[in-house]
Amino acid sequence: MEKAGKTIITVVGKDTVGIIARVCTYLAENKINILDISQTIVQGYFNMMMIADMAGATKPFGDCVRELEELGGEIGVSIKCQKEEIFQKMHRI
Amino acid sequence: MINIGEVIETNEMVEQENLDVRTITLGISLLDCIDPDLSTLKKKIFEKITRVAKDLAKTGEEIEQEFAIPIVNKRIAVTPIALVGGSACKTPEDFASIADILDEAAKAVGVNLIGGYSALVSKGMTKADELLIRSIPMALTRTERVCSSVNLASTKTGINMDGVRLMGEILLEVAERSKDRDSVDCMKLVVFCNAPDDNPFMAGAFHGVTEADAVINVGVSGPGVVKTALEKVRGESFEVLCETIKKTAFKVTRVGQLVAKEASRMLQIPFGIIDLSLAPTPAVGDSVADILCEIGLEYAGAPGTTAALALLNDQVKKGGVMASSYVGGLSGAFIPVSEDQGMIDSVSAGAITLEKLEAMTCVCSVGLDMIAIPGDTKATTISGIIADEMALGMVNQKTTAARLIPVIGKGVGDTVEFGGLFGYAPIMPVNQFSCDDFINRRGRIPAPIHSFKN
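Residues numbered from 1 in each chain as written. Chains lettered and ligands numbered in written order. Predicted model: local features only at pLDDT ≥ 70, side-chain atom pairs only at ≥ 80, totals over all residues.

Considering the overall build of chain A
A count of helices and strands for chain A gives three helices and four strands. Secondary structure of chain A in N-to-C order comes out as β-α-β-β-α-β-α. Along the first, second and third principal axes, the C-alpha set of chain A runs to 35 × 35 × 20 Å. Taken across its 93 residues, chain A has 34% of its residues classed as buried. Considering only intrachain contacts with a sequence separation of at least 6, the fraction spanning at least 24 residues in chain A is 67%. (Helix = DSSP H or I, 4+ residues; strand = E, 2+ residues; numbered from the N terminus. Buried ≥ 20, exposed ≤ 12 C-beta atoms within 10 Å, placed from the backbone. Contact = placed C-beta atoms within 7 Å.)

Now the structure itself:
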């Protein structure tokens, strides 16, 4: 599978110590560059969004999606990794 | 740059409001497979479908993963088989053997339905058309994934009443052959007026003769997203209501456009159209009837339903048209009964009748869809219902359809279970007065006056 460019990674769940650290560690290990991070609390849930550049990633996109999902399972949060186009298309003309 | 609020909104649509891409349908022309020898023809058909569609299912899954958007169905539509099999098939059995091949090909490439076991007879029937129509009961009984459709009328040609009469009988035969399973095979058969060549939705999808060799058509959905958006504007004016539907339809359609373009790129098959339909499922929160209730009706079927549906259908189109480079297919709100929990509730509450559904089909995208009727309904009565639906399409220059399920052995008050996305339905009463002498006339109804535009 081809490598991806800009990717949106979202983390949703109950706030706990070290969420950002664990996710960032995974991204650094796989040469995924973080371009922007923002976070907010929605209905008591921790919501974090990262814009990442996966052009230099060492793994195919599909593997990263799966591994981040597994990592989320370990921490007890939901981690999603999606190509940016879906948000661009939906919210920008 | 995309902000976190937008990301949350999109993901909520998927996770909580049932936003999905309902189908990626790959249209494949079989015209180049035509051969006078039946076994050669079948070999060519199998080879072409499995070659062109070999990566369809896998591509669908890859796109799902890239964008985290569910793509519920991957399907295939082929050239109407009455045209493809005309020179090779001499009996209904010959045609049914092509259905077997379509079924095998669908299984081989991992698609859940294949459409195009069809005949286009809006003005007259060729020998091949008639053989195919007569083979439909046999074909649907012995195949699992094949869907059949017959175009019986059009604004340009009028209504082929010989075809309408025949289809009433055929439908009952299909019902009879699957009576041990609540006549479920009738779900795979639909009759049309003004059938579109590029409809991606089953059971009516076929690859029209005006189409290219292969083409990707995508059907989007999202009644739940529209319903949720409308919850936020309760009591507001029609202007606000309409704007909200339009904006939501735009967003939903953009996702379909993205998926279609991506599928087209990955499969290297041209993008055809997006079908802007609000297609419900029996899942809670995925109902078109619930949108009508949110607009202000106690139940779908209450006075005002036709107006509310007209408004909804129009705004969905207005929002969707700008979101996609090519729009086609059926494009509008679907109002199937069994596939929509809100519609089932309406029937159970006695809020909606067959006649009201008929009126609603004047302003929505298709027609009488997934409606269970008593199994002892006469063939002529079924033909009468079909003829009415065809007349609406013919005069209003729109697509209309009928997918009725006469459930053998059951009557009003009983319920039938179709399973999965097809849902369940209470059997609806049918007007008992006779139309025998009308249906038993021979020939066709001429094209309406407003078709003469040249």
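Re the pairing of strand β3 (residues 45-53) of chain A
Residues and elements named next belong to chain A. Relative to β3, strand β1 (residues 6-13) runs antiparallel, the two being bridged by eight bridges. When the sheet's bridge partners are listed, threonine 10 is paired in β3 with methionine 49. Here strand β2 (residues 33-42) pairs with β3 via nine bridges, running antiparallel. Residue isoleucine 34 lies in a different strand from β3, and its bridge partner there is alanine 52. Linkage of β2 to β3, two consecutive antiparallel strands, is achieved through a turn of two residues, within which glutamine 43 is found at a positive phi near 45 degrees. (Pairing = 2+ DSSP bridges.)

A word on the sheet that holds β3 of chain A
One open sheet accounts for four strands, arranged β2-β3-β1-β4 (chain A); its pairing is antiparallel. For this open sheet the edge positions go to β2 and β4 (77-83) of chain A, each flanked by a neighbour on one side alone. Going from strand to strand, the sheet's axes swing by 15 degrees on average, the running direction of each strand aside. Of the strands in this sheet, β1, β2, β3 and β4 of chain A touch helix α1 (residues 4-16) of chain B, which is tilted by about 105 degrees from β3 of chain A. (Axes fitted to C-alpha atoms, helices over the stretch in contact; angles between N-to-C directions.)

Overview of the interface of chain A and chain B
Counting from both sides, the interface comprises 24 residues of chain A and, opposite them, 19 residues of chain B. For the side of chain A that touches chain B, the leading source of residues is helix α3 (residues 85-91) of chain A, giving seven residues. A class-by-class count of the residues in the side of chain A that touches chain B yields 10 nonpolar, eight polar and six charged. (Nonpolar A, V, L, I, M, F, W, Y, C, P; charged D, E, K, R; others polar.)

Some thoughts on the pairing of strand β3 (residues 114-120) of chain B
Residues and elements named next belong to chain B. In terms of burial, β3 is a largely internal element, seven of the seven residues being buried. Of the strand pairs in this sheet, β3 and strand β4 (residues 146-154) are connected by six bridges, and their pairing is parallel. Paired with isoleucine 114 across the strands is valine 146, a residue of β4. For the crossover that starts at β3, traverses helix α6 (residues 127-142) and ends in the parallel β4, the hand is right-handed. (Right-handed = clockwise from strand over helix to strand, strands pointing away.)

Focus on helix α10 (residues 288-295) of chain B
Residues and elements named next belong to chain B. Among the eight residues that make up α10, eight are buried, leaving the element largely enclosed by the rest of the structure. For α10, the complete set of buried residues consists of Val288, Ala289, Asp290, Ile291, Leu292, Cys293, Glu294 and Ile295. Trailing α10 by a residue or two, glycine 296 shows a phi angle of about 140 degrees, which is positive.

Comments concerning the environment of leucine 120 of chain B
Residue and element names in this part refer to chain B. Along the chain, leucine 120 turns up in strand β3. Looking at leucine 120, the number of C-beta atoms within 10 Å reads 22, which means it is buried. Along the backbone, leucine 120 and glycine 208 are 88 residues apart, and their C-alpha atoms lie at a distance of 9.8 Å. Setting aside anything within four residues of it in sequence, one finds leucine 120 in contact with Pro80 and Asn151.

Remarks on the confidence of the model for chain A
The predicted coordinates of low-pLDDT regions are not to be read in fine detail. With 96% of its residues at a pLDDT of at least 70, chain A reaches an overall mean of 90. Between the elements of chain A, mean pLDDT differs from a low of 91, seen in β2 of chain A, to a high of 95, seen in β4 of chain A. (pLDDT = per-residue confidence, 0-100.)

Digging into unusual backbone geometry
All names here are of chain B. Residues methionine 202 and alanine 203 are joined by a peptide bond in cis, for which omega reads 10 degrees. Structurally, the position occupied by alanine 203 is in the loop between β6 (189-193) and β7 (214-220). At glutamine 268, a residue that is not glycine, the phi angle is positive and equals roughly 55 degrees. Secondary-structure assignment places glutamine 268 in the loop between α9 (238-267) and β8 (271-275).

Details of the nonpolar core
Residues and elements named next belong to chain B. In terms of nonpolar packing, the biggest core is built from 177 residues, with Leu152 and Val259 touching the most fellow members. Per-element accounting of this core gives the leading share, 10 residues, to α9. When sequence neighbours within four positions are dropped, the list of residues in contact with valine 259 reads Val21, Ile24, Ile63, Ile69, Ile71 and Val218. (Core = buried A, V, L, I, M, F, W, Y, C linked by C-beta atoms within 7 Å.)

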